[in-house]
Amino acid sequence: MFIVRTQGQDIPCEIRGKIKHQTEAATPVAVGDNVVISLSPDGTGMIEEIGRRRSMFFRPSKGSESKKQIIAANIDQLAIVAAIRKPDLKPGLIDRFLIAARIGNLEPVIIINKIDLGGDPFPEEMRIAYFRLGIPIFLISALTGKGMDSLENILKDKKTIFAGHSGVGKSTILNHLMPGLNLRVCEVSDYSNRGVHTTSLVELFELPRGGFVVDSPGLKVLGLWEVAREQLDQYYPEFIELAGQCRFVGCSHTHEPGCAVKKAVDEGLIPAFRYRSYQTIYDSL
């Protein structure tokens, strides 16, 4: 069952069977889709057609890697939510989300939550690296409200999907943005330092100041759809500038001698954490 909003009304709808067979995705309809429906006398509807998608956030479908799971469509921004700790900051996962944003035609935004826990909220090396890539970074505490005003400004009048590791505080952020929403939240285990899934559905909410946000379930890993090893360096802008200087054409930047990218890492021109995430993702593809 899907809920379709039209002319200010929320209408429960089923999906026409033919649509399921016309899509390569495991999810024929996604949050954010523009659809055509037919109405029944009882007030329910039937989804007859899905409009063209200008952007998507998706990943390989669980149990069927040959199909993609579309989590949200027609979204402007991907808000990558991380925490300084509880759970620990995972730059490799942030970099995977950045690749997914580019594939899906989304503008990325990085949100570092839980700065109320103290310590260095975001290592300087990472802050500089992402700043050079032109990615906005927001250091916030959804618990105390610090930094939330700046975040609200970039969300205004846009459609944004919040995604990140389980336990980073996505639901707490949304509860702060929309008083009265009361999404369920859960403490991170001190024993495992891991978050617990508190969101099981993908839902779109309207912001009081304008715009929409999509809440998505927390992810432990993020598979990348149709990214080949040979193409991975194209998702690292700082690598692209140097690739032409490598000794070998088609250099993988992993083991070859005369690699300009590895040399730049050794000289501190490319942050080591970015290169490590590249290696890890390369090995996983």
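Keep in mind it's a predicted model, so treat the numbers as computed, not measured.

1. Considering the overall build of the chain
Thinking step 1. Each helix and strand in the chain was counted, giving eight helices and 12 strands.
Thinking step 2. A compact globule built from 285 residues would reach a C-alpha radius of gyration of about 19 Å, and the chain, at 20 Å, matches this within 12%.
Thinking step 3. A burial count over the chain gives 47% of its 285 residues as buried.
Thinking step 4. Sequence-distant contacts in the chain: of pairs separated by 6 or more residues, those separated by 24 or more amount to 63%.
Thinking step 5. By element, 50% of the accessible surface of the chain is carried by carbon and sulfur atoms, the whole surface being about 14,900 Å².

2. Some details on the nonpolar core
Thinking step 1. Among the nonpolar cores identified, the biggest contains 50 residues, and Phe57, Leu78, Phe97 and Tyr130 are the most heavily contacted of them.
Thinking step 2. Residue contributions to this core peak at seven residues, all from helix H2 (residues 91-103).
Thinking step 3. Not counting chain neighbours up to four residues away, the residues in contact with Tyr130 comprise Pro91, Ile94, Asp95, Leu98, Ile110, Phe122, Ile135, Ile137, Phe273 and Arg274.
Thinking step 4. In this structure, Val109, Leu151, Leu174 and Phe205 belong to the second largest nonpolar core, which totals 21 residues.

3. A look at the pairing of strand S2 (residues 9-15)
Thinking step 1. Where strand S1 (residues 2-6) and S2 come together, five bridges link them in antiparallel fashion. Considered in S2, the bridge of Val4 is made with Ile11.
Thinking step 2. Between S1 and S2, which follow one another and run antiparallel, lie two residues, and Gln7 among them has a positive phi close to 50 degrees.
Thinking step 3. Taken together, the three bridges between S2 and strand S4 (residues 45-50) define a ladder with parallel strand orientation. Paired with Glu14 across the two strands is Met46, which belongs to S4.

4. Looking at the packing of helix H3 (residues 124-132) against helix H8 (residues 272-284)
Thinking step 1. The interhelical angle for the contact between H3 and H8, taken along N-to-C directions, is 75 degrees, at an axis separation of 9 Å. When the axes of H3 and H8 are compared, the pair comes out roughly perpendicular. When H3 is examined against H8, the residues Glu125, Met126, Ala129 and Tyr130 are found in contact with a partner set consisting of Ala272, Phe273 and Arg274.
Thinking step 2. Its residues assigned to classes, the contact of H3 with H8 shows five nonpolar, no polar and two charged.

5. Here's the deal with unusual backbone geometry
Thinking step 1. In this structure, the amide linkage connecting Lys86 to the following residue, Pro87, adopts the cis form with an omega of 0 degrees.
Thinking step 2. In this structure, Pro87 sits in the loop between strand S7 (77-83) and H2.
Thinking step 3. With a phi angle near 50 degrees, Gln7 is a residue other than glycine that sits in the positive phi range.
Thinking step 4. Locating Gln7 in the fold gives a position in the loop between S1 and S2.
Thinking step 5. Notably, Lys114 is not glycine yet its phi reads approximately 70 degrees, a positive angle.
Thinking step 6. Tracing the chain through its elements places Lys114 in the loop between strand S8 (107-113) and H3.

The rules we used
Residue positions within a chain follow its written sequence, with the count starting from 1. Residue-level local features of this predicted model are given only where pLDDT is at least 70; pairs of side-chain atoms are given and counted only at 80 or more, and the full residue set underlies all totals for whole chains, interfaces and linings. Hydrogens and water are ignored here; the side-chain numbers use all heavy atoms of the structure. Only DSSP runs of H or I with at least four residues qualify as helices, and only runs of E with at least two residues qualify as strands; both kinds are numbered from the N terminus onward. Here the radius of gyration uses the C-alpha set of atoms, whereas the globule reference equals 2.2 Å times the residue count to the power 0.38. Only protein chains enter the calculation, and the probe is 1.4 Å; a residue is then buried if its accessible area is under 20% of its type maximum, exposed if over 50%, and partly exposed in between. Contacts between residues were defined by any pair of non-hydrogen atoms, one from each residue, lying within 4.5 Å. To be clear on the numbers: accessible area is Shrake-Rupley with a 1.4 Å probe, and residue cover counts the displayed protein chains and nothing else. Among the buried residues, those of types Ala, Val, Leu, Ile, Met, Phe, Trp, Tyr and Cys that are joined through side-chain atoms within 4.5 Å form a nonpolar core. In this analysis, strands are considered paired if DSSP registers two or more bridges between them. To get an axis, a line is fitted to the C-alpha atoms, and for a helix only the part in contact is used. The angle between two axes follows their N-to-C directions and goes from 0 to 180 degrees. Roughly parallel means an angle under 35 degrees; roughly antiparallel, over 145; roughly perpendicular, 65 to 115; everything else is oblique. Residues are grouped as follows: Ala, Val, Leu, Ile, Met, Phe, Trp, Tyr, Cys and Pro are nonpolar; Asp, Glu, Lys and Arg are charged; all remaining types, including Gly, are polar.

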